[in-house]
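Given next are the chains, with one letter for each unit.
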Amino acid sequence: MRDLQRFSSCFVSFVIFTLLIDTPSLLVNGEGGGFSGDYSKLSGIIIPGYASTQLRAWSILDCPYSPLDFNPLDAVWLDSTKLLSAVNCWLKCMLLDPYNQTDHPECKSRPDSGLSAITELEPGYITGPLSSVWKEWVRWCIEFGIEANAIIAVPYDWRLSASMLEERDLYFHKLKITFETALKLRGGPSIVFAHSLGNNVFRYFLEWLKLEIAPKQYLQWLDDHIHAYFAVGAPLLGSCEAVKATLSGETFGLPVSEGTARLMFNSFGSALWMFPFSKYCRSDNVYWKNFFEGKGKGNHKYHCDDMEFHLNYSGWPTNIVNIEIPTNRGGKTYPSITEETLSNLSSMECGLPTQLSFSAREVSDGTLFKAMEDYDPDSKRLIYQLEKLYHGDPVLNPLTPWDRPPLKNVFCIYGIDSKTEVGYYFAPSGKPYPDNWIITDVIYEHEGGLFSRSGNSVDGNPGVKSGDDTVPYHSLSWCKTWLGPKVNITRAPQSEHDGSDVQEELNVEHLYDTDIVPNMTRTPRVKYITYYEDSESLPGKRTAVWEVDKASHRNIVRSPVLMRELWLQMWHDIHPDAKSKFVTKAKRGPLRNEDCYWDYGKARCAWPEHCEYRYLFGDVHLGQSCRLKNSSADSLLHYL
């Protein structure tokens, strides 16, 4: 089940969490450890990400040789009991037709509704904590006084591509109505909080919205309904692990074979949404053409800059895929592939496999799968999905880099310096499909270097940092291009601190499409957050990037550090006495009872100005008896 958490972290995708506070009259509640006050304008819309929504059966399926059948509203994703006892029935309820994305003829599944659909995928004493996704987040909201009717969950079928979400379920129409309902209900704009693939979903929503709202009203609608956008762990240029799951399969801890997992994954139209792609290749925006000439069937014109062909690896640290193609079986082995690939094949000797390498561009434009067409039946299906659902999407080609969203406040947050996969070596396994490929080696990035699982040397261009164990740093840090030419940088410890270890650089020069490397020191064994902030380059708009040391892709959503920083930033934004554009980083004290602990060296509660020893029945150790003092909101004023 631990691997299942990693599965959800890689693909877990999209969250919107709205939060606008009407009045700054916050009071620290000593007994509860939370905040109380008037939150009449606070509302939350949570849209979960990939594999983070419970799917339920919407048909009756009799499972032979098993006492457990599927009936309407039975849990499908994730019900480990039925998965163990009736895996074939379970697959029928999960699989989609790879060409038209329809359900299996014998079973249909649909997303659950309400908060219960996203908090725990499989409730239970043992499985509950392991499958928990947003439960901690909802608990944090409740602790800080958010009302029950202010949190709205809008689950969706995470197996579908963006265009199919709208075509089958009118998902983006419903999302637009949800924003408008939240504004009427609570009286204030929303804050968008997206995690992982959810950022790509939100990007598609912003582009889809252009076709629904008159051009002169588009920006005004965004200003009225969205106050800020928090992009957490966003695979802005894709993730390499999606390619691994496509070619060899990934069980993610489920009791199924890798081949079965591969077969299921490749039936989902959303699988290609996480593919890595080049930052130098874009598609023409056909929005204006459709607006003036009518919604036609014209595709985006896909083109790449000269830099794509002058530099190696499409700007990534190394090639994404290195694969051994089996022995040539005859004349026209590789129909319809690029001239570059054909030149590679010219070195093939009869009877010997040839190793081909593919960059991020060659993965996302289908060159990889065209080269494998004669050896893998999935290739034709994947090529069809790429062309129909992505490169041919009339609203947006999602496999292209995106610019800063036209929103007032944008915050990009991700973890860094964890070992992250950036490339793979594949070879034929000698087994029939779907187990016909195996991984022979994996390339990792870690803290500015590249290394392989086998110990072989790796050629490439590593970045100065590594990713969050799922998404490479190259993809996560693309949002740094949204910053302006002058950036203020602050580095502070993640834990509560008195400000003695805070470093700051003001007005640092930043060139577009380049990384920013602060000239700051690090104390051993201390985890930091590095803030890159810009409030000057775009009048009336703010852009910030937060890099969180050692934060994993999945757990960053449940991180108390992230929730603390998000809360303080929002509290700062609505406070009438705020003196700066961003919340100060000079000091961090405890905000909840859980933040107080016993200092054994001084034989007292740590942070005595905030915490005190107050025993309550049921405490089993000294740290539990350390609680926040009864005090007013004055203790928070230093964050302004």
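Refer to the structure presented above.
Residues numbered from 1 in each chain as written. Predicted model: local features only at pLDDT ≥ 70, side-chain atom pairs only at ≥ 80, totals over all residues. Heavy atoms only, no water.

A. Layout of the packing of helix 7 (residues 162-169) against helix 8 (residues 171-186). One can describe the packing of helix 7 onto helix 8 by two numbers: an axis separation of 6 Å at closest approach and a directional angle of 80°. One element, helix 7, and the other, helix 8, form an angle in the roughly perpendicular class. Listed contacts from helix 8 to Ala 162, Leu 165, Glu 166 and Asp 169 of helix 7 are Tyr 171, Phe 172, His 173 and Lys 174. (Axes fitted to C-alpha atoms, helices over the stretch in contact; angles between N-to-C directions. Helix = DSSP H or I, 4+ residues; strand = E, 2+ residues; numbered from the N terminus. Parallel < 35°, antiparallel > 145°, perpendicular 65-115°, else oblique. Contact = heavy atoms within 4.5 Å.)

B. How the structure looks around the pattern of salt bridges. Under the defined criterion, the tally for this structure stands at 31 salt bridges. Lys 480 serves as the salt-bridge partner of Glu 547, at 2.9 Å between the closest nitrogen and oxygen. Of this pair, Glu 547 sits in strand 21 (residues 542-549) while Lys 480 is found in the loop between helix 19 (473-476) and strand 18 (486-493), placing the two residues 67 residues apart along the sequence. The residues Glu 547 and Lys 480 share a single accessibility class, namely buried. Shared partners join several salt bridges into a network, and the residues in it are Asp 103, Arg 110, Asp 157, Arg 159, Arg 168 and Asp 169. (Salt bridge = Lys/Arg side-chain N within 4 Å of Asp/Glu carboxyl O. Buried < 20%, exposed > 50% of the residue type's maximum accessible area, 1.4 Å probe, protein only.)

C. Structural context of the sheet that holds strand 4 (residues 55-57). Taken together, the 3 strands give an open sheet; going across it, the order is 5-4-6, and neighbouring strands pair in antiparallel fashion. Looking at the sheet topology across the chains shown, the edges are occupied by strand 5 (75-77) and strand 6 (109-111). The average undirected angle you get between the axes of adjacent strands in this sheet is 40°. Strands strand 4, strand 5 and strand 6 of the sheet are contacted by helix 3 (residues 87-94), whose axis makes an angle of about 75° with strand 5. (Pairing = 2+ DSSP bridges.)

D. The pairing of strand 20 (residues 528-534), seen in detail. Across the 7 residues that make up strand 20, a large majority, 7, are buried. Neither face of strand 20 is exposed, since Tyr 528, Thr 530, Tyr 532 and Asp 534 on one face and Ile 529, Tyr 531 and Glu 533 on the opposite face are all buried. The sheet contact formed by strand 18 and strand 20 spans 6 bridges and is antiparallel. Bridging from a neighbouring strand, Asn 488 pairs with Glu 533 of strand 20.

E. Representation of the nonpolar core in the model. Formed by 160 residues in total, the largest nonpolar core has its most connected members in Trp 77, Trp 90, Phe 172, Phe 205, Phe 230 and Val 321. In terms of residue count, the dominant contributor to this core is helix 20 (residues 560-574) (8 residues). Residues Cys 605, Ala 606, Cys 611 and Leu 628 belong to the second largest nonpolar core, which totals 8 residues. (Core = buried A, V, L, I, M, F, W, Y, C linked by side-chain atoms within 4.5 Å.)

F. Molecular detail of the sheet that holds strand 8 (residues 190-195). Taken in spatial order, the 7 strands line up as 8-9-14-21-20-18-19 in an open sheet, and their pairing is mixed. At either margin of the open sheet sits one strand with a lone partner, and together these are strand 8 and strand 19 (503-509). Going across the sheet, the axis of each strand differs from the next one's by a mean of 15°, ignoring polarity. Pairing of strand 20 with strand 21 involves 6 bridges; the strand directions are antiparallel. Bridge pairing in strand 21 places Glu 533 opposite Ala 544.

G. Quick peek at a nonpolar patch on the surface. On the surface, a cluster of nonpolar side chains totalling about 660 Å² of accessible area is made up of Tyr 600, Tyr 613, Tyr 615, Phe 617 and Leu 622. The exposure class of Leu 622 is partly exposed, given its relative accessible area of 32%. (Patch = residues over 30% accessible without salt bridge, like charges linked within 9 Å, V, L, I, M, F, W, Y side chains within 5 Å. Areas by Shrake-Rupley, 256 points an atom, 1.4 Å probe, with all protein chains shown as cover.)

H. A look at the environment of Pro 72. Within the element layout of this structure, Pro 72 appears in the loop between strand 4 and strand 5. A residue is classified by how much of its surface remains accessible, and Pro 72, at 44% relative accessible area, is partly exposed. Taking the C-alpha atoms as reference, Pro 72 lies 5.1 Å from Ala 57; in sequence the two are 15 residues apart. Ignoring any residue separated from it by four or fewer positions in sequence, one finds Pro 72 in contact with Ala 57, Ser 59 and Ile 60.

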